[in-house]
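Architecture and fold: a report
Below are the chains, spelled out letter by letter.
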Amino acid sequence: MNKFDVIKRPLVTEQSMDMMAENKYTFEVVKTATKPEIREAVEEIFGVKVEKVYTMNMRGKLKRQGVHQGRRPSWKKAIVKLTDDSEPIEFFDSI
């Protein structure tokens, strides 16, 4: 798998912005991505050192329209903690 295919997009929420003070950055990743793959992708793409990777499978929300009921697609979230001596990811600084 290509390194750029592992990370789908960064997640920018109030909670993820608060975690940036602790050197933690949040991304939506491919469901089949493993922690070592996520670590390598972040280190190569952003040029930082990763200390730890936390992953969680997010279940799609239940949605309904009238009597019809469905579910949004499930996805995988990764929280990446950088080392103390690593520089911050510049992409998030501009937000």
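Model, not experiment: these values are computed from the prediction. (Residues numbered from 1 in each chain as written. Predicted model: local features only at pLDDT ≥ 70, side-chain atom pairs only at ≥ 80, totals over all residues. Heavy atoms only, no water.)

Attention now goes to unusual backbone geometry. Notably, N23 is not glycine yet its phi reads approximately 65 degrees, a positive angle. Here N23 lies in the loop between helix 2 (14-19) and strand 2 (24-29). (Helix = DSSP H or I, 4+ residues; strand = E, 2+ residues; numbered from the N terminus.)

This brings us to the environment of E28. Locating E28 in the fold gives a position in strand 2. Each C-alpha atom, one on E28 and one on K8, is 5.5 Å from the other, the two residues being 20 residues apart in sequence. Those residues in contact with E28 that lie beyond four places of it in its chain are I7, K8, R9, L11, W75 and K76. At 2.6 Å, the side chain of E28 forms a polar contact with the side chain of R9. (Contact = heavy atoms within 4.5 Å. Polar contact = N/O pair within 3.5 Å; in protein donor to acceptor, adjacent residues only side chain to side chain.)

Looking now at the sheet that holds strand 6 (residues 75-82). The strand order 1-2-6-3 describes an open sheet built from 4 strands, whose pairing is antiparallel. The open sheet has two free edges, formed respectively by strand 1 (7-10) and strand 3 (50-58), since each of these has just one partner strand. Ignoring strand direction, the axes of neighbouring strands in this sheet form an average angle of 30 degrees. Direction of pairing for strand 3 relative to strand 6: antiparallel, over a ladder of 8 bridges. Paired with V53 across the two strands is V80, which belongs to strand 6. Against the sheet, helix 3 (residues 35-46) touches strand 1, strand 2, strand 3 and strand 6, its axis set at about 125 degrees to strand 3. (Pairing = 2+ DSSP bridges. Axes fitted to C-alpha atoms, helices over the stretch in contact; angles between N-to-C directions.)

As far as function goes, none of this settles anything; it's purely spatial.
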